[in-house]
Structures are given as structure tokens and as C-alpha cells.
Amino acid sequence: MPEILIEDIDIVLTMDDQRRRLTMVDLRIRDGVIAEIGNDLTTTGERISVTGCVVTPGLVNTHHHLYQNLTRAVPGAQDALLFGWLKQLYPIWAAFNPDDIHVSAQLGLAELAFSGCTLTSDHLYLYPNGAKLEDTIEAAGDIGLRFHPTRGAMSIGESAGGLPPDSLVEDERAILDDMIRVVDRFHDASEGSMCRVALAPCSPFSVSRELMRDSALLARDKGVMLHTHLAENEEDIAYSLSQFGCRPGQYAEELGWTGSDVWHAHCVKLDAQEIDLFARTKTGVAHCPCSNCRLGSGIAPVRAMRDARVAVGLGVDGSASNDMASLMGEARQAMLLQRVAKGAGAMSAYEALEIATRGGAEVLGRTDVGQLAVGKRADIAVWDVSGIASSGSWDPAAMLLAGPAQVKHLFVEGRQIVRNGELTRLDLPNLIERHQKSTARLMQLV
């Protein structure tokens, strides 16, 4: 892989162990790794001058449903709470085919790349009409993002007291067999891995207690992580109390769903005991502020989680509940919501950006990304702060207060994925055209 020198950087927000902020430096990439950060560096490879730019680690997205961007702003679901929103969308999702899953993943990953994301997870928990997890894995390869796909599942349909229609649930033995298949085929635990698979039964209201337990046992046997939704809103809490006789945190603990190899999405309604449980067990949280606002779920107690040393990352969630996928937008919203809930000093722009980078890497169990330091993988976002969005800012590095929402350049494993605001590996107009055709077909079917 050719050496690249990113030179003339105005500011580097390293998010390293010392949280250093460096000015007027260069950064050398060699073999997908950050080889050197310093002054007046030289190279025989490619030189990229980024005068007027702030450089950060690539942002990390810890929760997404990529397939959902084919159902943005659906009438009837636009103003519903979580359970009503799901019931409106399940019949549409049942009409998806493998091409829909693939093109939606491509578009969603492209959207994330423009927002500075270099590593994303994805929670795919339905597989209609022959769809498979590899439909998304191949899309990540097309775009060039580092990917943590999760083999999700739903097994309890309406006839058995669950929320999803019976047509979208799977047999639990078949689910476990396919979990084994995808882990064995695609999971790479090595340093710098571009694909790590996790196991992710959708939620306590769509799978059985047995599948939750068996998935946890399988994940520990295979050495992979676990992911699900938890304590998302008051409906979620009420369901847990009525069906399981306990709060979501206790349910998770009883079934083996706590630990440093587990992260839960949303956690809006965790109480003090559950926050303490997550802190003691090193269980991670994917905070999805925009989706939580859109669905009226509430404000997650992120300040309390962070103060208790719970690992917290950001998630854009699906583009049917957020309607867009911008990690910079998510970081800004996280900052603003904590200020609304706890006061103007509750969260700084820098802390929110740390959650979006190093925080997300910690949640996903990655020590090789999320910060800019020698020896770490070269996942790098370059932000042009010379434009209108930052004009007049006294602190250009405080980008969540005044700064660009889209990257100028993006590098993943030292490969340039975005160059001067354009994708390097896919024809975006063609992708949008294919994506819109899929949407039009779905609109005619339902």
C-alpha cells in the first residue's frame, strides 16, 4: 500500500490517552497504519495538503439498521411511538428482497462516510425473501468502510404474543445455525479487521428467553460480541415488567447479557441500579439521540452513565426512525440533549466528539481505532473549517458548535474513501437512482 502524507494540518484532535490537541503538524500513513505525527515530515509517496482543516479520528457508529433507508418518512409512521411505528413498517419490510438489502446498505454506508464515519455496526434482524447477512457485508466492501455486521433475529410473532408479524420471524434452530455460519465465514478477530460479526436477537419483545440465552452461550463459545435493543421507552419497560416480572437490566443480567462483550442500543430508561450494573460489568451502550427524539422515547441518562464509567458510543439508528444518518449530527444532538436535561455545562463539544470516536471504538471492543496515535489504524476524517459553517468561530476545533457536517477527505485503513467530498469507489448518482427504484417498487407493493 503506497505511503500517504497528510500535511499542513491546522489542528489534530487525537483522542489519544492524553487527549492531545496538536497544531500545524503532518501525519504519515504507511501500510494502513499511522506511522508518524510530527513537523516537516517528508515522503516519497502521495502528499495531501489540508491547510484550513481539522483532522479527527474516524467516527464510529455503534447502532444502525441500514435496510431502513428505503422507508424514510413513511406516512402513518412519521408521528408514531416505537411499537406503533414498527407495526406500520413491518408489512413493508416483509416485501424486501436481497437487492433491496444490498442497495440500502450501500446508500446508508455512503451516507455515513460523508458524515465522517469509518467504522459502523449494523443490526439486521429480518431476512425476507432470501436475504442474507452477506448482502450488507458485500456492500461494506463496495464502499470501503470498516464493518461490524450483527446477525439479528426475530422468533416470536404476533400469534405467539410478540410484536412482529409471523411472516417475518424465523425458527430458532435455523437462527442459531445461521449465526454459526456467518461467524465462521466472515468474522475476523485480528488487529485491523475490516469485518467482525456479532450476534443480535432483535429485542426482548421479539425473541424468546431461550434464544437470548442460547445466543449468549454461542457468542461466548465463538468469541464474538452480543447486541440488542434494551429499555428504549416506557412501552419497553412495561412489556418487560408484564412479561418477565422484572426490569430490562435484570432480564439481561439473568440471561448472560452483561459484560464487556455486550452492548445495548438506546437504554433511554435505565434506572440508577441498571446504570450501576452496566458500570460494574463493563456493558456498553449505543446512544441514539436523534432517533430517541423522533420516536418520543425520551432523553437517555448519558451524563449519569459517563460519570459511572459506562462505555457509551453513538448510533444513528435506522433511517426510518432517524430519517438521516449523520454521526456529526448525532454527536451535536447528544451534546444538546444532555444540556437540556442537566444544564449548559453537562457536556462539551469535545466530550461529545470523544463519544463519537474513542467512545464508540471502546463499545465495539476496538483498541486499534478511535484515536490518532502512532501504531493505530489509519481511520482518519479531514474536516474543512475554512467555509461558511465555521466562519467567525474562535475555536475551529469545536466543530459541533460551528463546523461542517460533511468531511472533505476520509481514510479507512489508509485507503481514501472520500476525496474532496466525493466517493472514490462508487458512482453516487447511479447508486441513488437504483435506491429510488427500490423505493418506488416497495411503494407499489403495499
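Residues numbered from 1 in each chain as written. Predicted model: local features only at pLDDT ≥ 70, side-chain atom pairs only at ≥ 80, totals over all residues. Heavy atoms only, no water.

S.K.: Help me understand the overall build of the protein chain in this model?
M.R.: Along the backbone of the protein chain there are 13 helices and 17 strands. Against the compact-globule benchmark of 22 Å for 446 residues, the protein chain has a radius of gyration of 21 Å, which places it among compact chains. A principal-axis box enclosing the C-alpha atoms of the protein chain has dimensions of 65 × 45 × 45 Å. When the 446 residues of the protein chain are sorted by exposure, 61% land in the buried category. Across the protein chain, every contact between residues at least 6 apart in sequence was considered, and the portion connecting residues at least 24 apart equals 75%. In the protein chain, which carries 41 positive and 58 negative side-chain charges, the distance between the mean positions of the two groups comes to 3 Å. (Helix = DSSP H or I, 4+ residues; strand = E, 2+ residues; numbered from the N terminus. Rg over C-alpha atoms; globule rule 2.2 N^0.38 Å. Buried < 20%, exposed > 50% of the residue type's maximum accessible area, 1.4 Å probe, protein only. Contact = heavy atoms within 4.5 Å. Lys, Arg positive; Asp, Glu negative; His and termini not counted. Charge placed at Lys NZ, Arg CZ, Asp CG, Glu CD.)

S.K.: Just checking my understanding: could you explain the environment of His63 for this structure?
M.R.: If you trace the backbone, His63 turns up in the loop between β6 (59-61) and α1 (82-93). His63 gets classed as buried once you look at its relative accessible area, which sits at 0%. Along the primary structure His63 and His264 are separated by 201 residues, whereas in three dimensions their C-alpha atoms are 8.9 Å apart. Residues in contact with His63, not counting those within four places in the same chain, are Ser121, His123, His227, His229, Ala265, His266, Ala286, Cys288, Leu314, Gly315, Val316 and Asp317. A distance of 2.9 Å separates a polar atom in the side chain of His63 from a polar atom in the side chain of His227. (Polar contact = N/O pair within 3.5 Å; in protein donor to acceptor, adjacent residues only side chain to side chain.)

S.K.: Honestly, the environment of Val363 in this entry has me stumped. Any pointers?
M.R.: Topologically, Val363 is positioned in helix α12 (residues 349-363). When the C-alpha atoms of Val363 and His148 are compared, they prove to be 12 Å apart, with 215 residues separating the residues in sequence. Val363 has contacts with Thr62, Met225, Trp263, Val285, Ala311, Val312 and Gly313, leaving out every residue within four places of it along the chain.

S.K.: Hey, could you run me through the side chain of Arg196 in this one?
M.R.: Mapped onto the secondary structure, Arg196 falls in the loop between α4 (172-186) and β9 (198-201). Summary of buried charges: Arg196 has no salt-bridge partner, and the nearest side chain of opposite charge, Asp368, is 4.5 Å away. Polar side-chain contacts of Arg196 include one of 3.2 Å to the backbone oxygen of Ala189. Among the polar contacts made by the side chain of Arg196, one reaches the main-chain carbonyl oxygen of Ser190 at a distance of 2.9 Å. Apart from the residues within four sequence positions on either side, Arg196 is in contact with Phe147, His148, Pro149, His187, Asp188, Ala189, Ser190, Glu191, Gly365 and Arg366. (Salt bridge = Lys/Arg side-chain N within 4 Å of Asp/Glu carboxyl O.)

S.K.: How should helix α11 (residues 327-342) be read in this particular structure?
M.R.: One full turn of an α-helix is made of 3.6 residues, so residues set three or four places apart face in the same direction. Here α11 spans 22 Å end to end across 16 residues, near enough to the 22 Å set by a 1.5 Å rise per residue. Within α11, the full set of buried residues consists of Leu327, Met328, Glu330, Ala331, Ala334, Met335, Leu337 and Gln338. Looking one or two places after α11, you find Gly343, whose phi comes out positive at around 110 degrees. (Expected span 1.5 Å × (residues − 1).)

S.K.: For this particular structure, what's the right way to read unusual backbone geometry?
M.R.: What you tend to see is this: most non-glycine residues have negative phi, and most peptide bonds are trans. Positive phi outside glycine occurs at Met24, with the angle close to 50 degrees. Along the chain, Met24 falls in strand β2 (residues 21-30). One non-glycine residue, Asp317, lies in positive phi territory at about 60 degrees. Here Asp317 lies in the loop between β13 (312-314) and α11.

S.K.: Help me understand the packing of helix α2 (residues 98-114) against helix α3 (residues 134-143), please; the structure alone is not making it clear to me.
M.R.: What describes two packed helices is the angle between their axes and the distance between those same axes. Orientation of α2 relative to α3, taken along the N-to-C sense of each, is 35 degrees, at an axis distance of 8 Å. Where α2 crosses over α3, the handedness of that crossing is right-handed. Touching Pro98, Ile101, His102, Ala105, Gln106, Leu109 and Ala110 of α2 are Asp135, Thr136, Glu138, Ala139, Ala140, Asp142 and Ile143, all from α3. (Axes fitted to C-alpha atoms, helices over the stretch in contact; angles between N-to-C directions. Left-handed = near helix turned anticlockwise from the far one by under 90°.)

S.K.: Honestly, the pattern of salt bridges in this entry has me stumped. Any pointers?
M.R.: It is possible for side chains bearing opposite charge to pair when their charged atoms get close. Under the defined criterion, the tally for this structure stands at 35 salt bridges. A salt bridge links Asp177 to Arg173, with the shortest nitrogen-to-oxygen separation between them at 3.0 Å. Note that Asp177 and Arg173 are positioned in helix α4 at a spacing of four residues, about one turn of the helix. Residues participating in the shared-partner salt-bridge network are Arg19, Arg303, Arg306, Asp307, Glu351 and Glu354.

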